[in-house]
Structures are given as C-alpha cells and as structure tokens.
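Overview (structure and organization)
The primary structure of each chain is shown beneath.
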Amino acid sequence: MTTDLLRVLVVDDEPLARRKVIRLLKDATGVEIVGVCGSGVEAIEAIERDAPDLVFLDVQMPELDGFGVLEAVGPERMPRVVFVTAFDQYALKAFEVHALDYLMKPYDRERFEKALLRARAQIERDSVANQSQHLIALLQTLTQEQQARLDQNGAKNTNKFLERLMVRSSGHIFFLKVPEIDWMEAAGNYIRIHSGRDSYLIRETMNAMEEKLDPDQFVRIHRSTIVNLDCIEKMQLWFGGDYMVILRDTTELKLSRGYREKLEDRLGKPF
C-alpha cells in the first residue's frame, strides 16, 4: 500500500448485502471505501480505474460472477480479495487450501472484522506475485472440478456451452450473446469474433473455442474458421470441387475438404 488507509472496493449484486459490508467498513479504522459495485462488469472497471488494495467480492452474481471478475482482471493484477459467498462446501475448501479468505453468508461482525484484519496483514506482508499464485491455483482447481462434474454427468448438457462472451473494445467491456456471433476466425494466438458490423479480439485457441460452443449452432468449416449455422445463406461450388460458404451478409468463407463431412452432418444432407 502507498498510504496508511486501506482502500476497499465492495462488490455485490444484492443491495442489502452491499449495505452490510459498507456499514461494517465504516465502523473500522483506517479504511477508505473507494467504490461500490453491483455487478461484475462494474467491478472490473472499478478495479482497473481505482486500483483498490482490497476487494470484498461476491461470488454469485448474474452475468459475470466473482470468478469471472478474477479471470477478466487477471490474477497478476487483482488486488487482495475476500470472497463473500453462499457457495458450496467444495468452493469453501478450495479457498482454504489456497490461503484465500472468504465470508460465508450470513456472517457476523466478529467474522467480518477477522477477515478484514487478516487481509490487512496479508497486504502488508505478501508480495503481489505471492497472491497471484494463490489466485491462479484457485481458478485451476475450480476449473478442474467443473470439468469433473461435467464428465460425471456423461450425457450432453446444453448448459455447459457458452451463452455469452466477454469482449473488450475501445476501453469498454461488452457481453456478447453467443447466438449473435456470425463467425469467427483464427488470428495468431487470438480469435477474431464477427458479429454484424463489429469484430472483437479475444485470447483463445480455435480448438478450445470449438469445444465451448453448441455443435447444434456452430460448426468448424476450416482449421481457422467457425461459423454460425443460422448465418449461412448458401453454398457455392468453387474450383477443383471445393465450396465457398456464403453468409447472409455476403461474407464468403472457404470450406476446407477436411471439414466438409462435418458440415454435411450438421445440415442433415450431402451436397
């Protein structure tokens, strides 16, 4: 910290929960509340703008939860975090294993003060690198558990497919509904997402993205291209027996021979 005051950001989508944290912080000494956020998107912007020392971060929020905030900001740039949660016991165990503090709703004043005291001590003692290692380990653990649960379920579950993508553009963060994506293409270590007249870059591989998309809606037609089936208008025979996939906005995309059978399966007939 660069000041004796502990600069704190409060993030919770529930007004009553926010007011409780604010009230308890105001009763504490040496604390400055630098911001109050009601969503994950607001939290990301506030963290990057105000650089708080500590964030009381609600885990369960609509659109973007606490873990999504952590991923978006990046463990290396994330302030010290006290997670506020009514989460399951597995997640609570994960917090404990990775030396990250949490408040289990409902909590009392004594438990809150203990978390605040511990956070202050850790900020004064630990390096940023040390904390980021704990956060990275937490995300890896939760991701592995989520995948294990999906594997255990066995049968196809549409809830596992992406419904929204968080994208950055011109200093803002947008939530793009996946069905609104027309197509996407590989761009080095990134993917360029095309939606109407707009395009966005996200850091992801094509293989990883393909696994996250509903195969009933998206199909890979080239090692560098994935397309929304609803956006295809027609197929056009090209040189040497190849085909071009033409979208409703007249975009022309080459269909690789290696992916032709996959597209035919999705369309339900050969061409």
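Before any of the text, the structure's been laid out above.
Right, let's walk through the structure included here. Since this is a predicted model, take the numbers as computed values, not measurements.

Procedures and definitions
- Residues numbered from 1 in each chain as written.
- Predicted model: local features only at pLDDT ≥ 70, side-chain atom pairs only at ≥ 80, totals over all residues.
- Heavy atoms only, no water.
- Helix = DSSP H or I, 4+ residues; strand = E, 2+ residues; numbered from the N terminus.
- Buried < 20%, exposed > 50% of the residue type's maximum accessible area, 1.4 Å probe, protein only.
- Contact = heavy atoms within 4.5 Å.
- Areas by Shrake-Rupley, 256 points an atom, 1.4 Å probe, with all protein chains shown as cover.
- Pairing = 2+ DSSP bridges.
- Axes fitted to C-alpha atoms, helices over the stretch in contact; angles between N-to-C directions.
- Arc of directions from axis to C-beta.

Counting secondary structure elements, the chain contains eight helices and 15 strands. Buried residues in the chain amount to 45% of all 271 residues. Within the chain, contacts between residues separated by at least 24 positions form 55% of all contacts whose residues are at least 6 apart in sequence. Summing over all exposed atoms, the chain offers an accessible surface of approximately 15,000 Å²; the carbon and sulfur share of this is 47%.

This part covers the sheet that holds strand 13 (residues 232-237). Spatial strand order, 13-14-15: three strands in an open sheet with antiparallel pairing. Looking along the sheet, the strands with just one partner apiece sit at the ends: strand 13 and strand 15 (252-255). Shown here is a sheet whose adjacent strand axes are inclined to one another by a mean of 30°, direction ignored. Note: strand 13 against strand 14 (residues 243-247), five bridges, orientation antiparallel. Residue Lys 234 lies in a different strand from strand 14, and its bridge partner there is Ile 246. This element, helix 8 (residues 257-267), spans strand 13, strand 14 and strand 15 of the sheet and lies at about 100° to strand 15.

Regarding helix 8, the residues found buried are Tyr 259, Leu 263 and Glu 264. End-on, the buried residues of helix 8 take up no more than an arc of 155°, which puts them together on one face. When the buried face of helix 8 is taken as reference, the exposed residues oriented beyond 90 degrees from it are Gly 258, Glu 261 and Asp 265. In the core, the buried residues of helix 8 are packed alongside strand 11 (218-222), strand 13, strand 14 and strand 15. Looking one or two places after helix 8, you find Gly 268, whose phi comes out positive at around 85°.

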